[in-house]
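# Close look at the chain arrangement
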Amino acid sequence: MAPIKNICCIGAGYVGGPTCAVIAYKCHDIKVTICDINAQRIEAWMSDKLPIYEPGLDEVVFSRRGKNLFFSTDVDKHIQEADLIFVSVNTPTKKKGLGAGMAADLAYVEAATRRIAQVSTSSKIVVEKSTVPCRTAESMRAILEANCTANVKFDILSNPEFLAEGTAISDLFNPDRVLIGSLQTESGKIAQQTLADVYANWIPRENIITTNLWSSELSKLAANALLAQRISSINALSAVCEATGADVDEVAYACGRDTRIGSKFLKASVGFGGSCFQKDILNLVYLSSQLNLPEVAEYWKQVYTMNEYQKNRFTRNIISTLFNTITNKKIAVLGFAFKKDTGDTRESAAITLIKSFMEENARVAIYDPKVDAEQIYMDLTEPGVVDNRKQVEKCIEICGSAYEAAKDADALVVVTEWDEFRQLDYNLIYKDMHKPAFVFDGRLMLDAPKLRDIGFKVHVIGKNPLEGRA
Ligand SMILES: NC(=O)c1ccc[n+]([C@@H]2O[C@H](COP(=O)([O-])OP(=O)(O)OC[C@H]3O[C@@H](n4cnc5c(N)ncnc54)[C@H](O)[C@@H]3O)[C@@H](O)[C@H]2O)c1
Ligand SMILES: O=c1ccn([C@@H]2O[C@H](COP(=O)(O)OP(=O)(O)O[C@H]3O[C@H](CO)[C@@H](O)[C@H](O)[C@H]3O)[C@@H](O)[C@H]2O)c(=O)[nH]1
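As annotated in an unreviewed UniProt entry, the chain carries the name UDP-glucose 6-dehydrogenase and is attributed to Helicostylum pulchrum. Its UniProt record gives the chain a comment under Pathway (unreviewed entry), which states: "Nucleotide-sugar biosynthesis; UDP-alpha-D-glucuronate biosynthesis; UDP-alpha-D-glucuronate from UDP-alpha-D-glucose: step 1/1."

### Here we look at the domain arrangement of the chain
Domains assigned within the chain are domain 1 (6–203) and domain 2 (277–460). A separation of 33 Å is found between the C-alpha centroids of domain 1 and domain 2. Domain 1 puts 19 residues into the contact, and the matching count from domain 2 is 16 residues. A combined buried area of about 1400 Å² lies between domain 1 and domain 2, and 57% of that area is made up of carbon and sulfur atoms. At the surface where domain 1 touches domain 2, the tally comes to one salt bridge.

### Focus on the sheet that holds strand 7 (residues 178–182)
Spatially, eight strands are ordered 3-2-1-4-5-6-7-8 in an open sheet, and the strand pairing comes out mixed. Each end of this open sheet is capped by a strand with a single partner; those strands are strand 3 (69–72) and strand 8 (208–212). Taking each pair of neighbouring strands and ignoring which way they run, the sheet shows an average axis angle of 25°. Relative to strand 7, strand 6 (residues 154–158) runs antiparallel, the two being bridged by two bridges. Within the sheet, the bridge partner assigned to leucine 157 lies in strand 7 and is serine 182.

### With respect to the packing of helix 1 (residues 16–26) against helix 3 (residues 57–64)
Where helix 1 meets helix 3, the axes come as close as 9 Å, and the angle between the chain directions of the two elements is 55°. Put simply, helix 1 runs oblique to helix 3. The hand of the helix 1/helix 3 crossing is left-handed. Residue-level contacts link Pro18, Ala21, Val22, Ala24 and Tyr25 of helix 1 to Leu57, Val60, Val61, Ser63 and Arg64 of helix 3. Here the contact of helix 1 with helix 3 is composed, by residue class, of eight nonpolar, one polar and one charged.

### As for the site of ligand 2
Around ligand 2, a shell composed of 21 residues is seen, among which Phe162, Leu163, Ser269, Cys276 and Arg443 lie nearest. One of the backbone N or O atoms of glutamate 165 is found 2.8 Å from an oxygen atom in ligand 2. Phenylalanine 338 has a polar backbone atom sitting 2.8 Å from an oxygen atom of ligand 2. If ligand 2 stood free it would expose 700 Å²; the protein chains cover 90% of that surface.

### Notes on helix 1
Counting buried positions along helix 1 yields nine of eleven residues, so the element is predominantly enclosed. Those residues of helix 1 not exposed but buried are Gly16, Gly17, Pro18, Thr19, Cys20, Ala21, Val22, Ile23 and Ala24.

### Quick notes on the pattern of salt bridges
Summed over all chains, the structure comprises 25 salt bridges. The salt bridge involving aspartate 197 is made with arginine 205; its shortest N-O contact spans 2.8 Å. Taken together, the shared-partner salt bridges connect Asp247, Asp249, Lys267 and Lys463 into one network.

### Concerning unusual backbone geometry
With an omega of -5°, the peptide bond running from lysine 435 to proline 436 counts as cis. Counting through the fold element by element, proline 436 comes out in the loop between helix 17 (426–432) and strand 13 (438–441). Positive phi outside glycine occurs at arginine 135, with the angle close to 90°. At asparagine 324, a position not held by glycine, the phi torsion is positive, near 65°. Tracing the sequence through the fold places asparagine 324 in the loop between helix 12 (294–321) and strand 9 (330–334).

### Thoughts on the pairing of strand 14 (residues 457–460)
Two elements, strand 13 and strand 14, share four bridges in a ladder whose sense is parallel. Bridged to valine 439 within strand 14 is valine 458. With helix 18 (residues 448–454) bridging strand 13 and its parallel neighbour strand 14, the resulting β-α-β unit is right-handed.

What counts and what doesn't
- Residues numbered from 1 in each chain as written.
- Chains lettered and ligands numbered in written order.
- Predicted model: local features only at pLDDT ≥ 70, side-chain atom pairs only at ≥ 80, totals over all residues.
- Heavy atoms only, no water.
- UniProt positions renumbered as here; feature names shortened; annotations may be inferred.
- Domains from an automatic or database assignment.
- Contact = heavy atoms within 4.5 Å.
- Buried area = accessible area lost by both parts, 1.4 Å probe.
- Salt bridge = Lys/Arg side-chain N within 4 Å of Asp/Glu carboxyl O.
- Pairing = 2+ DSSP bridges.
- Helix = DSSP H or I, 4+ residues; strand = E, 2+ residues; numbered from the N terminus.
- Axes fitted to C-alpha atoms, helices over the stretch in contact; angles between N-to-C directions.
- Parallel < 35°, antiparallel > 145°, perpendicular 65-115°, else oblique.
- Left-handed = near helix turned anticlockwise from the far one by under 90°.
- Nonpolar A, V, L, I, M, F, W, Y, C, P; charged D, E, K, R; others polar.
- Near = heavy atom within 4 Å.
- Polar contact = N/O pair within 3.5 Å; in protein donor to acceptor, adjacent residues only side chain to side chain.
- Areas by Shrake-Rupley, 256 points an atom, 1.4 Å probe, with all protein chains shown as cover.
- Buried < 20%, exposed > 50% of the residue type's maximum accessible area, 1.4 Å probe, protein only.
- Right-handed = clockwise from strand over helix to strand, strands pointing away.

This is the structure in structure tokens:
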């Protein structure tokens, strides 16, 4: 097969945007057009303020935009021109109907596939980039094959994305591996090699793994489930630490030094967030139960259950420590994004926590360096509930700095591990807070002994507050 010359990416989101911008950056001979039906998003990609905050992304996009990197709402035209198409649309958890709350909503994948089938006038490699349940490629293939003609043939590949937000560009420059699954037919294998050749422009061949389609699809769900399982495991242990005087950071370090266990993804926290872990675990749980494997479904469900428990446990601890009532108390929440170095708030633990604080009639002051006020209001407002937005606006205040949020607060709650929270002048913050002044560190990132010396009452996940005082 001839080398790829023209790529179209359907979906200009957190994955489509950075992944295809990096392909354009690394392969100047390939014309890359990233398309979306959301005109506002495309406009932002073409402006000075990109729709996504990701360290290093601006440089990549600004250096290739208008040369071999383009953004467009004209999806049909770019499908027609492309010889390879990435389908990188959203696959959120279904909100209603069969499998609601668990299964992935494949409506966007199907719509994009049907569009490809309908408008293509030449053969294409269609690459499933979105995270999907195992065997989704079969449905895509059925739709595409129903529209094959003598001149138009489709090969389908699975090429799941493993980038993490906040480190997307470095993950894309130096991935641990790239995974490409194909049908084990002659033309499937040729298509697989053709995509591998694109990545080989900057990724060593030994890091490009090729498998069958179904292994590739399942590996994506499995990798996320295994990563999230580690976080839920350490979070489960954090509860044991708090009750016994063990220190969860010390336990994680001691266990992680065993090379069979490894040290990564063992940081206890207020609970994992982000658009992927919860969605993909529930997707795996649903898939397992559909396959009539209830024990397997139950096993993975526990990873999700433990995450919910951790968020609730942290909230309950805050309320009970603040003398069992937070009515009219001011809680300063530092961080709203689901992790540092991103403005993404999807499934952020902050949302669950703040909703609970509002239920208890607290006043909540929020500061996040990268999340817009409007996004915070949207995340905290229950859709369809009359006047809910007004109630939210009454209970919360969005601040321009951590100092402003902490002024006259009863408690400071660290939810996102932004580096700047380490460098704050805590003497100043202490002076301006109500006494006793409490700090709840949901990210195990602050210097607790130093804060205690200043006068704060400090609670850290996975550490016994009484041990800390000793
Ligand atoms: N966010 C991550 O870090 C990450 C990492 C790996 C994999 N994934 C997976 O990648 C997929 C995309 O995730 P995302 O975070 O980029 O989602 P996103 O919501 O940020 O972006 C998806 C985009 O697709 C567009 N879209 C939907 N249907 C379309 C159509 N028919 N034509 C053109 N555009 C269309 C939407 O308007 C949206 O802008 C999901 O399956 C997700 O699970 C996400
Ligand atoms: O030791 C850890 C590591 C992470 N987290 C939390 O876990 C969540 C997810 O973090 P991370 O995995 O770093 O970010 P994501 O962007 O969600 O990336 C995950 O989900 C992506 C989407 O599928 C995959 O591509 C990535 O490989 C996978 O890491 C965040 O809330 C983190 O704060 C912890 O609490 N403790």
